[in-house]
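Topology and contacts: notes
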Amino acid sequence: MRSLRPGFTVASLLTGLATLGALLFTAPAAQAADAPLRDLADAQGKVIGTAVTGGKLTGTYAEVAAREFNWLTPGNAMKWESVEPSRGSFNWAEADQIVDFAEANGQEVRGHTLVWHSQNPSWLTNGGFTPAELRTLLMNHIDTEMGRYRGRVEAWDVVNEPFNEDGTYRQTIWSDNLGQDYIAEALTRARAADPSAKLYINDYNVEGVNAKSTALYNLVRSLKERGVPIDGVGLQAHLILGQVPSTFQQNIQRFADLGVDVAITELDIRMQLPATADKLAQQAADYRAVMNACVAVDGCSGATVWGFTDSDSWIPDWFEGYGAATPYDENYAPKPAYHAIAESLGGTTQPGDGCTATYSVVNQWNTGFTGQVRIACTDTALSAWKVNWTFGAGQRISQAWNANCTQSGTAVSCTNASYNGTVPPGGSVTFGFNGTWSGSNPVPEVTLG
Ligand code: G3I
């Protein structure tokens, strides 16, 4: 929330003067936006990545992905069902496209994922294979996929989601048929398939200290004791608004102390829709908490968001009524969460910097008046907004349009309607209201949040 100081613009001055004289308050000039996230991250020695969908890598989606991120993870393109939909018949098109895009834009790739219980092709899961056949198929799969991208994929989520919530091993096609040591076997094979790639185990609900993360911790410790190749752990971090675990940093630290890298691999923070300015502010605080925990620990290499725009997120399809989980809204406007990530990486731009709110009285008669607030952005954007002011002479709002306004005593708070929360760079939104006054009708100082 920023205080706005009085000032004048020619256009708004003319509007105000048309009926009443200089009855308006407006904001100071815009300040320059921060450098892109990837530049901020570079300066901190951290990585900032995003999951991407190959088919969307054109236009604004491609521009933002290239400009803001220095790592990419294919969200689905490297999963077994994607690359080998029928046995022996491979489709590398989307995975190749993403790796090529990354190289063209100076980005690293996180390969995702080789050994998982989900998104396997049906020929594999329904094939009636013996354990020995499954072992051969899995080892060949690792050889084939890692071999194809040898030297071009910096890190691999070799094993994905091996644990249950209580810390026991998940029963999967792999643990059922190969035994729990399928993890060590896969890692060992992966090291041989691409000796330059960093090898990770990746899981969800392992962000705080709990039974599941302790099981992962014990596994990594024992793999290291046995000399099995393991370079890092991925903490997925599919989080819920307001629920960042308080032990996040402590947990990152204990893995780092084992001598492995910690990567936050699939960060998103979902909320019940609709997104409001208050929820987006809480989400920003949550993103900041996650990023700060990583920045604070040397052994945390950085974070990848699981899709950078709400228009490319898995959340609405999987959690009914939830969404808005990523740092950009569906129109590519950076949300408060974006600025929180930037700030945790050393940036200084606040949400709303570069945006101004201007209050003006557009018409006034014996006891009534019509007012309006115009929100305008220059080089940054808003994805939701809230404008507050305090009336100084007993004015009361009776009716508002293009905003939801409430008045309590002298304090007025107006938030965007469902259809006008986004203010793009160079764009503006105006809302209006009728009110009552007596004696005088001074223009209040407004704040934009
Ligand atoms: O490609 C088909 C499309 O042809 C079809 O019309 C459409 C109809 O539903 O489905 C499309 O496939 C979907 C696919 O995403 C690509 O969009 C699948 O139904 C859908 O199940 C699949 O969801 C993916 C999910 O993994 C599956 O488990 C999400 O996109 C992907 O973001 C998500 O990612 C996982 C990580 O790999 C591991 N950690 C958890 C994370 C979230 O579930």
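Only a predicted model underlies this, so the values are computations on that prediction, with no experimental measurement involved. (Residues numbered from 1 in each chain as written. Predicted model: local features only at pLDDT ≥ 70, side-chain atom pairs only at ≥ 80, totals over all residues. Heavy atoms only, no water.)

**A word on the pairing of strand β18 (residues 411-416)**
As defined by bridge partners, strand β15 (residues 386-390) adjoins β18 across five bridges and the pair is classed as antiparallel. What sits directly across from Lys386, in β18, is Thr415. When strand β17 (residues 403-408) meets β18, the two strands line up antiparallel, connected through six bridges. Its bridge partner being in β18, Ala403 is matched across the sheet by Asn416. (Pairing = 2+ DSSP bridges. Helix = DSSP H or I, 4+ residues; strand = E, 2+ residues; numbered from the N terminus.)

**Here's the deal with the pattern of salt bridges**
All told, the structure shown has 15 salt bridges when counted by the stated rule. Where Asp100 meets Arg152, a salt bridge forms, and the shortest distance between an N and an O atom there is 2.9 Å. Of this pair, Asp100 sits in helix α5 (residues 93-104) while Arg152 sits in the loop between α7 (131-148) and β6 (155-160); the two residues are 52 residues apart in sequence, bridging distant segments of the chain. Across the salt bridge formed by Arg110 and Asp157, the nearest N and O atoms sit 3.0 Å from each other. A residue pair is termed long-range when its members are at least 10 positions apart, and Arg110 in strand β5 (residues 108-115) and Asp157 in strand β6 qualify at 47 residues. Of the two residues, Arg110 and Asp157, both sit in the buried class. Taken together, the shared-partner salt bridges in this structure form one network comprising Asp100, Glu103 and Arg152. (Salt bridge = Lys/Arg side-chain N within 4 Å of Asp/Glu carboxyl O. Buried < 20%, exposed > 50% of the residue type's maximum accessible area, 1.4 Å probe, protein only.)

**Quick look at the site of the ligand**
The environment of the ligand is made up of 14 residues, and the closest members are Lys79, His112, Glu161, Glu266 and Trp306. In the model, an oxygen atom of the ligand is placed 2.9 Å from a nitrogen or oxygen of the Asn76 side chain. Between His112 and the ligand, the recorded distance is 2.6 Å, taken from a side-chain N or O atom to an oxygen atom. For the ligand, whose unbound accessible area comes to 780 Å², protein coverage reaches 49%. The residue inventory of the shell around the ligand, partitioned by class, reads four nonpolar, seven polar and three charged. (Near = heavy atom within 4 Å. Polar contact = N/O pair within 3.5 Å; in protein donor to acceptor, adjacent residues only side chain to side chain. Areas by Shrake-Rupley, 256 points an atom, 1.4 Å probe, with all protein chains shown as cover. Nonpolar A, V, L, I, M, F, W, Y, C, P; charged D, E, K, R; others polar.)

**Thoughts on helix α12 (residues 277-296)**
Its 20 residues give α12 an end-to-end C-alpha distance of 28 Å, which sits within 8% of 28 Å, the value for a rise of 1.5 Å per residue. Of all the residues in α12, the buried ones are Ala277, Leu280, Gln283, Ala284, Asp286, Tyr287, Val290, Met291, Ala293 and Cys294. (Expected span 1.5 Å × (residues − 1).)

**Considerations on the domain arrangement of the protein**
In terms of domains, the protein is made up of domain 1 (10-29 + 352-448) and domain 2 (37-344). Counting residues at the interface gives seven residues for domain 1 and 10 residues for domain 2. For the pairing of domain 1 and domain 2, the buried interface totals around 630 Å² over both sides, and the portion due to carbon and sulfur atoms is 57%. Summed over the shared surface of domain 1 and domain 2, the number is one salt bridge. At the junction of domain 1 and domain 2, the tally comes to three residue pairs in polar contact (both at pLDDT 80 or more). For the side of domain 1 that touches domain 2, the per-class residue count stands at four nonpolar, two polar and one charged. (Domains from an automatic or database assignment. Contact = heavy atoms within 4.5 Å. Buried area = accessible area lost by both parts, 1.4 Å probe.)

**Thoughts on the nonpolar core**
Formed by 95 residues in total, the largest nonpolar core has its most connected members in Trp174, Ile264 and Leu267. With seven residues, helix α9 (residues 182-193) is the largest single contributor of residues to this core. Trp174 has contacts with Trp80, Val115, Trp116, Asn120, Leu124, Leu134, Leu138, Gly179 and Tyr182, leaving out every residue within four places of it along the chain. By size, the runner-up hydrophobic cluster in this structure holds 25 residues, among which are Ala403, Val429, Val443 and Leu448. (Core = buried A, V, L, I, M, F, W, Y, C linked by side-chain atoms within 4.5 Å.)

**Considerations on the confidence of the model for the protein**
Residue-level pLDDT values for the protein average 92, and 92% of them are 70 or greater. Counting interchain partners and residues more than four positions distant, the pLDDT-below-50 stretch residues 1-22 has 45 contacts. This model gives residues 27-31 a pLDDT under 50, and the stretch forms 13 contacts once residues within four places in sequence are excluded. (pLDDT = per-residue confidence, 0-100.)

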